[in-house]
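Breakdown of the fold
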Amino acid sequence: MEQSPGRSFQIFLSAGEASGDLHGSHLVQAIRRACPEARFSCMGGPLLERSGAQLVVHNGDLAVVGLFEVLKHLKSICKAFLRIRTHLISRRPDLVVLIDYPDFNFLLGRMAKAHGLRVFYYISPQVWAWRSGRVSSMKRFVDAMAVILPFEPQFYSRYGMDVRFVGHPLLDVLDEAPGEEEARLRYGGNGNSRTVGLLPGSRRSEIHQLLGLFCRTAVMIRDRLPECRFLLPVAPALDLESIEKQTAPFRLPLQIVSGDTYGVIRACDLLITASGTVTLEAAILGTPMIIANRVSDLTYYAGRHLIRVRHIGLPNLIAGRSIVPEFIQNEAHPDLLAQEAAGFLRQPERLARQRRELAKIRGSL
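Model, not experiment: these values are computed from the prediction.

Cut-offs applied
- Residues numbered from 1 in each chain as written.
- Predicted model: local features only at pLDDT ≥ 70, side-chain atom pairs only at ≥ 80, totals over all residues.
- Heavy atoms only, no water.
- Axes fitted to C-alpha atoms, helices over the stretch in contact; angles between N-to-C directions.
- Helix = DSSP H or I, 4+ residues; strand = E, 2+ residues; numbered from the N terminus.
- Parallel < 35°, antiparallel > 145°, perpendicular 65-115°, else oblique.
- Left-handed = near helix turned anticlockwise from the far one by under 90°.
- Contact = heavy atoms within 4.5 Å.
- Nonpolar A, V, L, I, M, F, W, Y, C, P; charged D, E, K, R; others polar.
- 1 Å grid on protein atoms, 1.4 Å probe; cavity = no way out; pocket = protein on both sides within 12 Å on 5 of 7 lines; lining within 4 Å.
- Points joined across faces, edges and corners; volume = space filled by probe spheres on them.
- Buried < 20%, exposed > 50% of the residue type's maximum accessible area, 1.4 Å probe, protein only.
- Pairing = 2+ DSSP bridges.
- Right-handed = clockwise from strand over helix to strand, strands pointing away.
- Salt bridge = Lys/Arg side-chain N within 4 Å of Asp/Glu carboxyl O.

Between helix α4 (residues 74–91) and helix α5 (residues 102–114), the least distance of the axes is 11 Å, while the angle of their chain directions is 30°. One element, α4, and the other, α5, form an angle in the roughly parallel class. Considering the relative orientation of α4 and α5, their crossing is right-handed. Contacts between α4 and α5 involve I77, A80, F81, I84, R85 and L88 from the former and F104, L107, L108 and M111 from the latter. Here the residues of the contact of α4 with α5 are counted per class, giving nine nonpolar, no polar and one charged.

Turning next to the layout of surface pockets. Here the second largest pocket defines a volume of roughly 240 Å³. Along the walls of the second largest pocket sit 13 residues, with H26, L27, Y122, P169 and D172 positioned nearest its centre. At the level of elements, α1 (18–34) and α8 (170–173) are the ones that each hand at least two residues to the lining of the second largest pocket. When residues in the lining of the second largest pocket are grouped by element, the largest group, six residues, is from α1. Here the lining of the second largest pocket is built from residues that sort into six nonpolar, five polar and two charged.

In the contact formed by helix α10 (residues 204–224) and helix α16 (residues 334–346), the axes pass within 8 Å of each other and the chain directions differ by 50°. Relative to α16, the element α10 lies oblique. The two elements α10 and α16 meet at a crossing, and its hand is right-handed. Contacts from L213, R216, T217, M220, I221 and R224 of α10 reach α16 at P334, D335, L337, A338, Q339, A341, A342, L345 and R346.

Moving on, we get to the pairing of strand β11 (residues 270–273). Neither face of β11 is exposed, since L270 and I272 on one face and L271 and T273 on the opposite face are all buried. Two elements, strand β8 (residues 194–199) and β11, share four bridges in a ladder whose sense is parallel. Each residue of the ladder has a partner; that of V196, found in β11, is L270. Read as a crossover between parallel neighbours, the route from β11 over helix α13 (residues 277–285) to strand β12 (residues 289–293) is right-handed.

What follows is about the pattern of salt bridges. A side chain of one charge can pair with a side chain of the opposite charge when the charged atoms of the two come close. Under the criterion given, the structure shown has eleven salt bridges. Residues R186 and E182 are paired through a salt bridge, measuring 2.6 Å at the closest nitrogen-oxygen approach. Of the two residues, R186 and E182 both sit in helix α9 (residues 180–186), four residues apart, roughly one turn of that helix. Owing to a relative accessible area of 39%, R186 belongs among the partly exposed residues under this scheme. Of the charged contacts in the structure, one is a salt bridge between R184 and D269, with a shortest N-O distance of 3.1 Å. Within this pair, whereas R184 is found in helix α9, its partner D269 is found in the loop between α12 (261–267) and β11, the two being separated by 85 residues in sequence. For D269, a relative accessible area of 10% translates into the label buried. A cluster of three or more residues bridged by salt bridges with shared partners is formed by E180, R184 and D269.

Below, the structure written as structure tokens:
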């Protein structure tokens, strides 16, 4: 990339979710080490802002999942897009970096390309799972692409795209996670108790769908195994007071933790978790899990005919087979989840078997 004398590189990053904010902040830090004069602006959250990127749009109101959930937030999404469009046209950055978040970033990428800007896609959207026809659109506006899952280059090569596998950034991030012994000391418990993590996601729409379900599941686990206690990590962007009010009626031995998801994962014997990046974080940290997911019925029935993969959990997708139990939509029922969780906790060999399989996942990354 050439630049005019005396002019610093200008880079815009678009990260619509908490995971994109995390990986984008590490990307900014890595670019700064190689190119100290680089300047950054972004759509992102607190981590990108803390890394020194000028926040053009905060992503808090955009982190929704599901077609009909997106429609509810359409006004905020359109307002964000127009603000970014104005910023890109006036600033004309040397590079626009799109981080996952496909529906919004596809529109943004096409707009940026139409105005003569260069576009780099970092972290592939899951076009290999559903709506693979979107690859044709990507070819038209993406100048270069880096992917983080080992099977993705082979997928894109079938469409004539040359992409590079760069390894998963979570491996670097999780090097700083506390060890198991430290985490267990941090969150108490004793030799007779079992600690179960409840991870309903980092988006408000996920919390709406899953928090009550996970709490009802915890009550049923407690009925079967009275010695169980529970940890609930909360993303910094979420309203801690609201979550405390939602969980209080269940009267669980529950500790809510803000800002230490990795410590919570390490401290637990078992996780009940939403699908998404957190399942891969748990796999890398080696904590056994059960995946449960629900979206609105309209979103589910609209999407079920478009899905082209057998699993939704990243550990299962990478392994190419089921190593983590998945309970989707109507199967995500408290009694079924509690029964599965109790089965794991009563049979340490099942927990150990899944830990061995998760170790293989980490090796492939």
